[in-house]
Every structure is written in structure tokens, then in C-alpha cells.
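What follows is each chain in one-letter form.
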Amino acid sequence: MKFIAGAVLMSLASVAGAQSLVGGGATLPAIGYTGSATAPTNLPITPGAGSLLKVYGDSTSSATTATYCPTGSGAGKKILAGNDATAQVNNACTTANLGFGGTGLTQADFAGSDAPMSVTEYSAYQTGHASTGTPVQFPAISGAIAITFNKTGVSTLTLTEGQICGIFSGQIKTWNDTALTGAGIPAGVSGNINVVYRNDNSGTSFSFLNHLSAVCPLAANVATGKLAATQFKTAQSFWNGTGASAYIGSYASALPTNGATGGNAGLVAAVNATDGSIGYAEAANPITAPARFASVKNTNSGASVNPATGFGTTALPVSLSFGVAIADAPDANGRPVLTALAGSPQCVAVVDPSAYANPTSGYPILAVTYLLGNGQNNGTRAAGVKGLLFSPYNKTTRPSVTKIGRVGTGYSWLSDSVVLDSTDATTGIQARLNSCVN
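Residues numbered from 1 in each chain as written. Predicted model: local features only at pLDDT ≥ 70, side-chain atom pairs only at ≥ 80, totals over all residues. Heavy atoms only, no water.

## What about unusual backbone geometry?
Cis geometry marks the peptide bond from A289 to P290; its omega dihedral reads -5 degrees. Structurally, the position occupied by P290 is in the loop between α10 (284–288) and β10 (292–293). The phi torsion at S344 lies on the positive side, around 45 degrees, for a residue other than glycine. Non-glycine residue N377 carries a positive phi angle of around 60 degrees. (Helix = DSSP H or I, 4+ residues; strand = E, 2+ residues; numbered from the N terminus.)

As C-alpha cells, then:
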């Protein structure tokens, strides 16, 4: 495919006229994209000051704005695909309705997902677009996945990766387990650990399991007196047949069910609601809730890193693969597999999850989140969509974004000299988006 840069991404939507783009999906980047973790009742989020989408809208000469409905990654991709009558862009912005809160639209303008499209999701998209439509998918930003907790008497927590593996494999069941020695739990603290997890198809779960399936089988990450946790599988479902389903029955729970609804914000709220709980969520959520969260010791570097203070200011280096999707099932070791798509679509880019599953330094539990759009039928909204999908890489407007790339945000930008940081008139990100979005 030949990419042509054109002028400057249609002047970032200057020809589109005043319009409001409609999207949603992943809850992990919602605070960075909009400044808020949750949507108003039955309404999508209108982005606030310092957020990526607000800065994007303010940068356009045509008053283009965008709204975002945090449905979760799986639901977001389903709504973008448009082939499920229960998940449509014009449905209300509620988890029950699976919609983005649009009005009179034939397709969503964009979607967010922390798990790149799977083979089945790509096929579903084509089914929803007359078999000839092609999605557009590029990585946008990175997020730190925090271990959030709520335990009376415990104000700070520093966990090794082995201790995290032990907790989420159900081998460490109590707050006074000797395997938690060194974590900062005061003497006398006891009681069951209530593990809280996402009960939807979640990109945050995908990213957390991507880390667990990579590090937990390693001898260096086996907690004292415990066994290597070898049954984690990288999937969007933490609990339903894949993910951590081999371990959930071993959890010591104080609740009838540990599955949290409402995305990252809902999980943090569930942890905050029950003493003794521990779970996982993108760091911006416990930072803003507020809720307590742990520092994590990176086994490779030996350094303990707080995801609020030790992550965000340095862009995450990535490398893009084109024309591939995540296989529907992980390999025998629970690791995600990249599979070539028919026709090798060059508008579908993926960062191999294995590349950031076990980093050599820094905060160790990472997610890469994506922005997706439609390759066809954007009509008069095409220029606006191009500008929005380009916004994470726009070095001119980045300094105005205060919710990403700074200490205390839980988010970092991405760095890739070949595509995302390139201004090449053929292979750079502007040129690709100009060609991909029509």
C-alpha cells in the first residue's frame, strides 16, 4: 500500500466543519483521554481540560469535538464492528445497552482498546462492514497497571512480582502469610485476601495477564514456600474459561462474587468497598479515586517502583507489526500469538505484547492501548477522525496534555522512530492515517 502525506492531515479536521465525533471503549485510558474515569448517567464523557481529546478539539480550526463512552475494550470493539444488534453506536452510553450515545450515526467514529484486535474481532468487523471494510488500528499510549488494595492497618505496600503471582494464583490467601514478609504489612494484621477482578472482556485484564503469564512461571518469581504459577493465560477474560480461571476457585473470598463491573473505576470502587481486598487497575484510577496501591519490585532490575511517581515521564519504546492480529487462543504457555491476516492490511498495527510483558527496568506491569477507526465510509467526518487518531503523536499539541506523560498520571507516550515519531511522507504516521481513513 502506498501512503501519501498530503498537506497536513487535512489541517487536522479544518475542512470537516463543526462536528462532534463519537467513540468509546477501553476504560484504561479514559482519564487520559477525557479527564474522567466514569460517564454521567446514560451520557458519554465530554472531555475536560488537559485531556487528550479536549486538547485535540481545541487544536482544530473547525471546533471539532469528541465524546467518549467507557464501555470496556471488548464492548468498544464490538460497537465499532457494528455487527451485533445489542452493541450499536446509537445505543445509550450504559453497560447494559452497549452503546456510545450517538445520534443518527451509521458507524462509530473511533474506539479505544487495550487489547489489539483478535482474529475473530477482525472478522466480526468485516462482517459488520459488508466484508470489504477494513478497520484502522494504531497504538496510542501506555498505561501502568497498579495493584490496588484496601486493608485496615496497611497504609503502604511493596510487592515483589513473586508475591503478586502468589496472590493472584490463590496461593497467598491471607494478609499474614509468611510469603508476604517484606511487603510492609505490620505485625498483627491478618484476615483473608479478597481478590477482585474484572468480569467483562477487558483490555486491562489482557495486559495484566500478559504480564502474569510471562513472569509467574519463572523461578525468580516464585514466592517463598509457593509453587510456580504456570496456568495464567493472556486473554481479555480474567475469569471465564481462560485468563486466571485455573486459580479463581482457590481464592479466599469474603464476597459472593469477586467480579467487578464498571471498568477500571468499578474495580477500584469494589476494592475500596470491602476491607481486605486487592485487585488490578490502570494507575490513574486509584490515583484519582483515591485508593491505595502498591509499589512493585521489578525482578529484572531489583528496583521497587511506584506507578504514580516512577512512571509516565519517559515514552515507552515500541515497534509496530502490520497486518497481524492476536490469535483467538494463547499458546500452550499462555502467551499471546500474532497471526497474519488475509491481505496483510497495512492499516492494522500491533505492538507484540511479549515486547512489554517483562520489562528489564522501570515499573513492570504495563499496557499498550490502541485507538481504532474505520477505513471507509467516514464521509465528511474523515478529516476529523484522521486528526483524532493522530492526536497521540502530535508533538505540537502534546505539551498542552496534562493527563498523559507526566508524574502522577499513570500514563506515558509511546516512542517509535519508524512510524509513530516519523514525518516521512510515505511511512510516517500522518501519511498512513491520510491513506487509511477514507
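## Comments concerning empty space enclosed by the protein
Tallying each qualifying case throughout the model produces two cavities of 30 Å³ or more. In this structure, the largest cavity spans a volume of roughly 40 Å³. Lining the largest cavity are 13 residues, and of these C165, G166, Q171, N221 and L227 sit closest to its centre. Per-class residue counts for the lining of the largest cavity are seven nonpolar, five polar and one charged. Here the second largest cavity defines a volume of roughly 30 Å³. Residue lining of the second largest cavity: I167, G170, I172, K173, I193, V195, Y251 and A252, and that is the complete set. Classifying every residue of the lining of the second largest cavity gives six nonpolar, one polar and one charged. (1 Å grid on protein atoms, 1.4 Å probe; cavity = no way out; pocket = protein on both sides within 12 Å on 5 of 7 lines; lining within 4 Å. Points joined across faces, edges and corners; volume = space filled by probe spheres on them. Nonpolar A, V, L, I, M, F, W, Y, C, P; charged D, E, K, R; others polar.)

## Some details on the pairing of strand β2 (residues 65–69)
Along a regular strand, successive side chains alternate from one face of the sheet to the other. Of all five residues that make up β2, four are buried, and the element is covered over most of its length. Looking at chain direction, strand β1 (residues 20–25) and β2 are connected through five bridges and run parallel. Among the inter-strand pairings, G23 is bridged to a residue of β2, identified as Y68. (Buried < 20%, exposed > 50% of the residue type's maximum accessible area, 1.4 Å probe, protein only. Pairing = 2+ DSSP bridges.)

## Thoughts on the state of the cysteines
Tallying each qualifying case throughout the model produces three disulfides. Bridging C165 to C216, the disulfide has an S-S length of 2.1 Å. Sign of the S-S torsion, about -90 degrees for the bond between C165 and C216, identifies this disulfide as left-handed. Taken together, the residues C165 in helix α6 (residues 161–168) and C216 in the loop between α7 (203–215) and α8 (245–248) connect sequence positions 51 residues apart. Disulfide partner of C347: C436, at an S-S distance of 2.0 Å. Taking the sign of the S-S torsion, about -90 degrees here, the bridge from C347 to C436 comes out left-handed. Note that C347 is positioned in the loop between β16 (338–340) and β17 (349–351) and C436 in helix α12 (residues 429–436), a separation of 89 residues in sequence. The residues C347 and C436 share a single accessibility class, namely buried. (Disulfide = S-S within 2.5 Å.)

## Quick notes on the sheet that holds strand β11 (residues 295–297)
Reading across from one edge, β5-β11-β12 is the order of the three strands in this open sheet, with mixed pairing throughout. With one partner strand each, in any of the chains shown, β5 (158–160) and β12 (304–305) form the two edges of the open sheet. Bridge count for β5 against β11 is three bridges, and the pairing is parallel. From the neighbouring strand, L159 faces β11, where its bridge partner is V296. Set on the sheet, α6 makes contact with β5 and β11; between it and β5 the angle comes to about 85 degrees. (Contact = heavy atoms within 4.5 Å. Axes fitted to C-alpha atoms, helices over the stretch in contact; angles between N-to-C directions.)

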